[in-house]
Amino acid sequence: MEIDDLTRAVNLLKMECSKSFEQIKEKEDLIPIVKSYKNVVTELKTGLNSHSATSKTEIETKPDWSQIIAKIIDEKLITDGTLGSLANSLVKATSITNKFENPIGQMEMWLETFFKRVAEDEFEKLYSNGKPKSTTHYVSNLMMELNEIPVTIEFTAKILGVFVSCTDTILQHFSFRKLQPQDIDIDNRHPMFNFPDGILTFKIKGDQNLGHSKMVNILDVFRLFRLSSVTHQQLRSKSSSLIWPMSSGTSSPIQKDRIQYKYEMTDKEIPNFHEFAEVFFPILEQKSNKEKDMFGFNIALERYKNSTLDMVEDGRNLMTAVIGLEALFSAKHELGEIKYRISNRIAKLLSNFGLDGRQIRKIIEDAYGYRNTIGHGNNIAQQEHQKVRETLDKVCDILRISIIIFGIGLMELKKNQIVFGIDDSMLGIENKEYEQIISTVKKMVPKSVMQTKLKK
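Calculation criteria
Residues numbered from 1 in each chain as written. Predicted model: local features only at pLDDT ≥ 70, side-chain atom pairs only at ≥ 80, totals over all residues. Heavy atoms only, no water. Helix = DSSP H or I, 4+ residues; strand = E, 2+ residues; numbered from the N terminus. Rg over C-alpha atoms; globule rule 2.2 N^0.38 Å. Buried < 20%, exposed > 50% of the residue type's maximum accessible area, 1.4 Å probe, protein only. Contact = heavy atoms within 4.5 Å. Areas by Shrake-Rupley, 256 points an atom, 1.4 Å probe, with all protein chains shown as cover. Lys, Arg positive; Asp, Glu negative; His and termini not counted. Charge placed at Lys NZ, Arg CZ, Asp CG, Glu CD. Pairing = 2+ DSSP bridges. Polar contact = N/O pair within 3.5 Å; in protein donor to acceptor, adjacent residues only side chain to side chain. Axes fitted to C-alpha atoms, helices over the stretch in contact; angles between N-to-C directions. Core = buried A, V, L, I, M, F, W, Y, C linked by side-chain atoms within 4.5 Å. Salt bridge = Lys/Arg side-chain N within 4 Å of Asp/Glu carboxyl O. Parallel < 35°, antiparallel > 145°, perpendicular 65-115°, else oblique. Left-handed = near helix turned anticlockwise from the far one by under 90°. 1 Å grid on protein atoms, 1.4 Å probe; cavity = no way out; pocket = protein on both sides within 12 Å on 5 of 7 lines; lining within 4 Å. Points joined across faces, edges and corners; volume = space filled by probe spheres on them. Nonpolar A, V, L, I, M, F, W, Y, C, P; charged D, E, K, R; others polar. Expected span 1.5 Å × (residues − 1). Bend = angle between axes of the 7 residues up to and from the residue.

Enquirer: Describe the overall build of the protein chain, listing the residues and the values that go with them.
Expert: Helix and strand counts for the protein chain stand at 14 helices and 10 strands. A compact globule built from 456 residues would reach a C-alpha radius of gyration of about 23 Å, whereas the protein chain, at 28 Å, exceeds it by more than 25%. Counting only C-alpha atoms and orienting by the principal axes, one finds that the protein chain spans roughly 85 × 50 × 45 Å. Residue burial in the protein chain is summarised as follows: out of 456 residues, 45% are buried. Long-range pairs, those at least 24 residues apart, make up 75% of the contacts in the protein chain between residues at least 6 apart in sequence. Surface exposure of the protein chain reaches about 23800 Å², of which carbon and sulfur atoms provide 49%. Considering the protein chain, the positive charge centre built from 62 side chains and the negative charge centre built from 61 side chains are found 5 Å apart.

Encoded structure:
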């Protein structure tokens, strides 16, 4: 019954919008037009290390139907009691308003928002000679939302730290493309600078928090594919909600990140990125799975991000990266010399992937030396700063590869099983479960992802 009443109300509203539009069309000077000055980019040049653009100011004109819509809704739906009657029947037919102290009032507010949305769509389609949406579309989507079926939210993020020059990188989970002129916002408060390196888009069905979590996982895929300082500059969300007008919006990080590692994804690398993303994105979605032993993995991943993004000196970032390695390669209740144990385990594990174990062990030992100097409250000598930076670069890449190996391994084994499997391999003891993990990583991850400056 309530669906029939809602259908009639929507049809009435659409008819009134059409009648009003025809009346206005007869007297074009009465069409409500809003004019505003808008800065637009006319030419854009992009590259791995720099972007540049030229812009001009244009006068943007568009119709403003808000007063006409408010009048129609008031006269045709509110004054005669149609909206109140609909609200009463929909409260009885759905459960969503049980969370509110005044369910009838809340439903009336939602319906008014809904009818405004319908009227706005109608006027825009009539003005542009577009094809109007069907009444069934509006009614069915509203009823799904009132019955708490998640709506679709589209997210668009401006990304820093990874540059794609040609082909769009489109996956099941998201799309990443190069920067285009329409992506650049210019106004008097935000002059044209700090261009993003690419545009990320994806959709979800659910709430904003789910979207933010998905974006973090997507950025982690980019960060792990290559040593990088990938982050987002801005995040926009556009909800398909018909009842929550404020469910769309724009946000930016409060803290400014340091983009010290940046890479370009070429057309040749895109197939490898596809392969890696399809393997590792589901693993990142398991981070909060309590049945998985992901605590050390989560710490390591967070420390990897900190050490590549934090606006602090290289020595402190190096300490952070070492802590990330310890979260993976140390076992609970272990005693003794941690530097010796950790450096040997890392060297042994990564030697399975074509890396020089002796070189890796030396890098980790050097990192511990700098860590201890800083940890004991002493400064790094000026002549050592460049060496610290070089060591930081190498340790961060070692941490990146280690996170990938453990991430895949933790889908089958506990962290300690992997750690002690490394110990067994150093002693020449057969450990089939550990050996299977090494084999799985080699099969699932493209070789280029496991390559570093340390490769033989």
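Enquirer: Give me the lowdown on the pairing of strand β1 (residues 33–46), citing residues and values where you can.
Expert: Relative to strand β2 (residues 51–63), β1 is paired through 13 bridges, and the arrangement is antiparallel. Its bridge partner being in β2, L44 is matched across the sheet by A53. Counting the residues between successive antiparallel strands, the hairpin from β1 to β2 contains 4 residues.

Enquirer: Give me the lowdown on the environment of S351, citing residues and values where you can.
Expert: Position of S351 relative to the elements: it lies in helix α10 (residues 338–351). Overall, S351 belongs to the partly exposed group, its relative accessible area being 32%.

Enquirer: An account of the environment of T79 is needed here, citing residue identities and associated values.
Expert: Relative to the elements of secondary structure, T79 occurs in the loop between α2 (66–78) and α3 (82–93). Taking the C-alpha atoms as reference, T79 lies 34 Å from I153; in sequence the two are 74 residues apart. Among the polar contacts made by the side chain of T79, one reaches the main-chain carbonyl oxygen of D74 at a distance of 2.7 Å.

Enquirer: Explain the sheet that holds strand β6 (residues 175–177) residue by residue, including any values.
Expert: What links the strands of a sheet is backbone hydrogen bonding, and the strands pair in either a parallel or an antiparallel sense. Strand order in the open sheet made by the 6 strands is β5-β6-β7-β3-β8-β9, with antiparallel pairing throughout. If you trace the sheet from one side to the other, it starts and ends with β5 (169–170) and β9 (249–251), each paired once. Helix α6 (residues 208–225) contacts β3 (152–160), β6, β7 (198–205), β8 (231–239) and β9 of the sheet and is inclined by roughly 140° relative to β7.

Enquirer: With reference to specific residues and values, describe the nonpolar core.
Expert: Core analysis: the biggest nonpolar cluster contains 86 residues, and L200 and F222 have the highest contact counts within it. The element that contributes the greatest number of residues to this core is helix α12 (residues 385–409), accounting for 12 residues. Counting residues in hydrophobic clusters, the runner-up holds 34 residues, among them C17, I96, L111 and A119.

Enquirer: Give a description of the pattern of salt bridges that names residues and reports values.
Expert: For the structure shown, the criterion picks out 19 salt bridges. The salt bridge partner of K56 is E58, with a shortest N-O separation of 3.5 Å. Residue E58 is classed as partly exposed on the basis of its relative accessible area of 35%. Across the pair D121 and K133 runs a salt bridge, and its minimum N-O distance is 3.8 Å. You can see D121 sitting in helix α4 (residues 103–128) and its partner K133 sitting in the loop between α4 and α5 (135–146), a full 12 residues away along the chain. For D121, a relative accessible area of 11% corresponds to the buried category. Given the relative accessible area of 33%, K133 is considered partly exposed. Several salt bridges converge on common partners, so that one network encompasses D220, R223, K287, E302 and K305.

Enquirer: Which residues make up the packing of helix α1 (residues 2–26) against α2, and what values do they have?
Expert: It is the contact of α1 with α2, at a shortest axis distance of 10 Å, that shows an interaxial angle of 135°. Considering the angle they form, α1 stands oblique to α2. For α1 against α2, the interelement crossing comes out right-handed. Touching A9, L12, L13, E16, C17, S20 and I24 of α1 are I68, I72, I73, K76 and L77, all from α2.

Enquirer: Which residues make up the layout of surface pockets, and what values do they have?
Expert: Of the volumes computed, that of the second largest pocket is approximately 590 Å³. Mapped onto the lining of the second largest pocket, the elements with two or more residues apiece are α2, α4, β3 and β8. Counting residues per element, the lining of the second largest pocket draws most heavily on α4, at 5 residues. A class-by-class count of the residues in the lining of the second largest pocket yields 8 nonpolar, 8 polar and 8 charged.

Enquirer: Provide a residue-level description of helix α7 (residues 270–284), including the pertinent values.
Expert: Between its first and last C-alpha, α7 extends 20 Å over 15 residues, near the 21 Å set by a 1.5 Å rise per residue. Approximately 30° is the largest bend angle found in α7, and it occurs at A277. Within α7, burial applies to I270, F273, F276, A277, V279, F280, F281, I283 and L284.

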